[in-house]
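Structural overview for review
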Amino acid sequence: MVMKRILLFLIWCVGLLTACSDDDSFTTSRYDLLTFSLDTVKMDTVFTNVGSRTYSLWVYNHSGDGIRISTVRLRNGNQTGFRVNVDGTYLDNTLGSVATDLEVRKGDSICVFVELTAMENGQNEAQLVEDDLVFGLESGVEQRVSLRSYAWDAIKVKDLVVSHDTLVASDKPLVVYGSGITVDSSAVLTLRNTTLYFHDKAGIAVRGTLMAENVVLRGDRLDHMFDYLPYDRVSGQWAGVRFASSSHGNRLENTQIRNAMTAVSLEAPAVLDTLQQRLTMNRCVVHNAKGDGIIASNSYIGLNYCQLTNTLGNCLTLLGGKAEVDHCTLAQFYPFNTAARGVALVLASSNGYDVYPTLRIDCTNTIVTGYADDQVMVYQADSTTINYAFADCLLRTPAVDNDTVNFKRIQWETPRDSIQGKQHFVTIDERNYIYDFHLDSLSTAKGKGCY
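Thresholds applied
Residue positions are given per chain, counted from 1 along the sequence in the order it is written. The model is predicted, so local features are restricted to residues of pLDDT at least 70 and side-chain atom pairs to those at 80 or more, both for listing and for counting; the totals for chains, interfaces and linings are taken over all residues. The basis for the side-chain values is all heavy atoms of the structure; hydrogens and waters are excluded. Going along the chain from the N terminus, every DSSP run of H or I of four or more residues is numbered as a helix, and every run of E of two or more is numbered as a strand. We take the radius of gyration over the C-alpha atoms and set the globule estimate at 2.2 Å times the residue count to the 0.38 power. Remark: exposure states derive from per-residue accessible area (1.4 Å probe, protein chains only) relative to the maximum for the residue type, with buried under 20%, exposed over 50%, and partly exposed in between. The protein chains shown are the only cover counted for residues, whose accessible areas, like all others here, come from Shrake-Rupley with a 1.4 Å probe. His residues and chain termini do not enter the charge count, which takes Lys and Arg as positive and Asp and Glu as negative. Here the site of a charge means NZ on Lys, CZ on Arg, CG on Asp, or CD on Glu. Pairing between strands is defined by DSSP: at least two bridges between them are needed. Stacked, tilted and edge-to-face are the three classes assigned to paired rings of Phe, Tyr and Trp, where Trp is represented by its six-membered ring and a pair needs centres within 6.5 Å; plane angles under 30 degrees give stacked, over 60 edge-to-face, the rest tilted. The working definition used for a salt bridge is a side-chain nitrogen of Lys or Arg within 4 Å of a carboxyl oxygen of Asp or Glu.

**Things to note about the overall build of the protein**
- Helix and strand content of the protein: one helix and 40 strands.
- For the protein, the C-alpha radius of gyration of 30 Å lies well beyond 22 Å, the compact-globule estimate for 451 residues.
- With respect to the principal axes defined by its C-alpha atoms, the protein has extents near 105 × 60 × 45 Å.
- Within the span of the protein, comprising 451 residues, buried residues form 48% of the whole.
- Total accessible area on the protein stands at roughly 21300 Å², and carbon and sulfur atoms take up 50% of it.
- On the protein, the mean spot of the 39 positive side-chain charges and the mean spot of the 51 negative ones are 2 Å from each other.

**A short note on the environment of S441**
- Mapped onto the fold, S441 is located in the segment after β40 (434-439).
- When its relative accessible area of 61% is taken as the criterion, S441 is described as exposed.
- When the C-alpha positions of S441 and A331 are compared, they lie 18 Å apart, and in sequence the two are 110 residues distant.

**Brief notes about the pairing of strand β6 (residues 82-86)**
- The side-chain alternation of β6 yields one buried face, formed by F82, V84 and V86, and one unburied face, formed by R83 and N85.
- The pairing of β6 with strand β9 (residues 109-116) spans five bridges and is antiparallel. Residue pairing across strands places N85 opposite F113, the latter belonging to β9.
- When β6 meets strand β7 (residues 89-90), the two strands line up antiparallel, connected through two bridges. Within the sheet, the bridge partner assigned to N85 lies in β7 and is Y90.
- Two successive antiparallel strands, β6 and β7, enclose a turn made up of two residues, where D87 displays a positive phi of approximately 50°.

**Details of the packing of aromatic side chains**
- If you walk through the whole model with that rule in mind, you get 17 aromatic pairs.
- Summarising the aromatic geometry, the rings of F333 and F425 are spaced 6.2 Å apart at their centres and angled 75° between planes, so their arrangement reads as edge-to-face. With F333 in the loop between β30 (329-332) and β31 (345-348) and F425 in strand β39 (residues 425-429), this pair connects stretches of sequence that are 92 residues apart. The same class applies to F333 and to F425, which are both buried.
- Residues F336 and Y433 carry aromatic rings whose centres are separated by 4.8 Å and whose planes lie at 35° to one another, so their mutual orientation is tilted. With a gap of 97 residues between them, F336 in the loop between β30 and β31 and Y433 in the loop between β39 and β40 connect regions that are remote in the sequence.
- The exposure class of F336 is partly exposed, given its relative accessible area of 32%.
- What makes Y433 buried here is its relative accessible area of 18%.

**Quick notes on the sheet that holds β7**
- If you walk across this open sheet you meet the five strands as β1-β4-β9-β6-β7, and the pairing is antiparallel. The open sheet has two edge strands, β1 (35-36) and β7, and neither has a second partner.

**Focus: the pattern of salt bridges**
- Per the stated rule, a full pass over the model turns up 23 salt bridges.
- A salt bridge links R53 to D44, with the shortest nitrogen-to-oxygen separation between them at 3.9 Å.
- For D44, a relative accessible area of 13% puts it in the buried group.
- The partner of R396 in a salt bridge is E413, with the nearest N and O atoms 2.9 Å apart. Of this pair, R396 sits in the loop between β36 (394-395) and β37 (407-408) while E413 sits in the loop between β38 (411-412) and β39; the two residues are 17 residues apart in sequence, bridging distant segments of the chain.
- Residue classification places R396 among the buried positions, given a relative accessible area of 3%.
- E413 sits in the buried class, given a relative accessible area of 2%.
- Each of R73, R75, D132, E142 and R144 takes part in one network of salt bridges that share partners.

Here it is in structure tokens:
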């Protein structure tokens, strides 16, 4: 019995030694190679001098023995701006940007992390930045993984205060940090033919006047949240445009305001001016906001051929004041929080704290629709007046009978219609968050809306 136990113990020891020997054996065969989860690390476009997010790559050993990696290096050294960490070893410049003497045992793997801070290239267009990550094996074989990105020169702006009349017309994008841009009460900021990329919590605070023509205002994330979802389709990326009570004479032409919190807000002025519009917007797009699209308090505004779409709050909220809305598309198909989603149009004479005695809206040739059956909400406080006139509009709200003064030639949309809601438009892709609010060829809303 004792002899049997000793024999079993010796067999176990031999097996253990054999296993250790197998695990610790390393091949120098040129046929035993590493396998990579990616042959090319394709990074999103980045702004120069701004660090990218971190990308990962797995390196596998599927051979029958361990593989020793003599060196891992960047083909161009530290000249392209790529930063690499291999299995916890950073390719530091002080060490020649090389990691040495790494082992990948059979059936095992190591992880590689890659980032990029590209240098300025002096070009107006995004430029290709590429390098190779070279793995030199003990066998003498070299294996490579390509690193690729596009880098875009940009003008950096942080906590900018515009104290005198200023024109910004830049071929290069402007990346805005900190609190963003503040326009003093005595100044006019004119933006023309440019794109502003706002970092988290940055925005434009207008105490004076903002003029914009052929401008895009959006978040600064150029990468993807998921493979199918770029951050440009995600709401709440920046603070939006805020018009203070002192602001007046603002005009936006052919301007897009995308993926903000509340995209456009107007504080109530001391006195409502019913003769001159505080904000005029022509052929503008306000899309994908995490608050309201436009919220105007006791202000006179004009919207012409504008698209206000997909907001967690309301697409358009009017708190008192006066508004003229012509040939606009107000469509509420916000996809991210259906339980808290607002409606396309709200008319109210109070915000719960302040009461605005008069509200007047004239709405013509406009589409007001969305997921819910009622997309027009009216909240009238005591001792206030809300006057409205809708003409030649498509309204997704219960029909108002026997009122030909306030409603003329209205197409009342109901869930029973053969074409209704999102069916009016070319693309409402809730899966990939892609939207095109041009009218579909079968839409019954021809002649209405902004397109």
